[in-house]
Structures are given as C-alpha cells and as structure tokens.
Amino acid sequence: MYQQERMNEIIRILKTTHYATVDYLVDRIKYSPASIRRDLTALEKQGLVKRSYGGVEINEENSTPF
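Quick notes on the rules
Residues numbered from 1 in each chain as written. Predicted model: local features only at pLDDT ≥ 70, side-chain atom pairs only at ≥ 80, totals over all residues. Heavy atoms only, no water. Pairing = 2+ DSSP bridges. Helix = DSSP H or I, 4+ residues; strand = E, 2+ residues; numbered from the N terminus. Axes fitted to C-alpha atoms, helices over the stretch in contact; angles between N-to-C directions. Contact = heavy atoms within 4.5 Å. Salt bridge = Lys/Arg side-chain N within 4 Å of Asp/Glu carboxyl O. Buried < 20%, exposed > 50% of the residue type's maximum accessible area, 1.4 Å probe, protein only. Polar contact = N/O pair within 3.5 Å; in protein donor to acceptor, adjacent residues only side chain to side chain.

Draft legend 1. Here's a closer look at the sheet that holds strand E2 (residues 49-52). Spatially, the 3 strands line up as an open sheet ordered E1-E3-E2, and their pairing is antiparallel. Both edges of this open sheet fall to strand E1 (19-21) and E2, since each of them pairs with a single strand only. The mean inter-strand angle of the sheet, taken between neighbouring strand axes irrespective of direction, is 25°. Against the sheet, helix H2 (residues 22-29) makes contact with E1 and strand E3 (55-58), and its axis sits at roughly 85° relative to E1, the strand it touches most. Its contacts with the sheet put helix H3 (residues 33-45) on E2 and E3, and the angle it makes with E2 is roughly 125°.

Rendered as structure tokens:
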C-alpha cells in the first residue's frame, strides 16, 4: 500500500469513528506506528486532521462534503 492509499484509508476510518488512536490505526491498517505517524503528519499539514496526544480526529473545518 502506498502512502496516499494509507492516508485515504485513515481519512475513511476517521469519517466513521471521528477519533482514533495511533494504536487503533496500526491495528486496522496493519502498518508500523512510524508509518502511521508520518501519514498523520502529512494529513495535518494539509489541514485534514487535528492531532492530539496519542490520537487524531478529522478536521471538520476543512473537510469537503460529498
């Protein structure tokens, strides 16, 4: 799975759960915590997610409706 595919999967998960921990994402996507954290950093720079200590939530301000 490429980075963009992982990031899309993270966004899909967050749209249903609204909040997830890094450990939860690791279990769901089956990638290392370091890879997930890199993806979350990239998503945060794009303004798509908000990170907190140990977790992440979707940034409702910048999410586009379907």
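There is more to say after this.
Draft legend 2. Summary view of the pattern of salt bridges. This structure, assessed with the given rule, holds 2 salt bridges. Taking the shortest distance from any N to any O, the salt bridge between Arg-6 and Asp-39 comes out at 2.6 Å. On the criterion of sequence distance, the pair formed by Arg-6 in helix H1 (residues 3-17) and Asp-39 in helix H3 is long-range, its members being 33 residues apart. With relative accessibility at 9%, the residue Arg-6 sits in the buried group. A salt bridge links Glu-9 to Arg-12, with the shortest nitrogen-to-oxygen separation between them at 2.5 Å. A residue pair is termed a helical-turn pair when its members lie 3 or 4 positions apart in one helix, as Glu-9 and Arg-12 do in helix H1 at 3 residues. On the basis of relative accessibility, which here comes to 24%, the residue Glu-9 falls in the partly exposed class. The class for Arg-12 is partly exposed, based on a relative accessible area of 42%.

Draft legend 3. Region of the structure containing the side chain of Asn-59. Among the secondary structure elements, Asn-59 is positioned in the segment after E3. Within the structure, Asn-59 has its side chain in polar contact with the backbone oxygen of Gly-47 (distance 3.1 Å). With near-sequence residues (within four places) excluded, Asn-59 lies in contact with Gly-47, Leu-48, Val-49 and Lys-50.

By themselves, these are just geometric observations and shouldn't be taken as functional.
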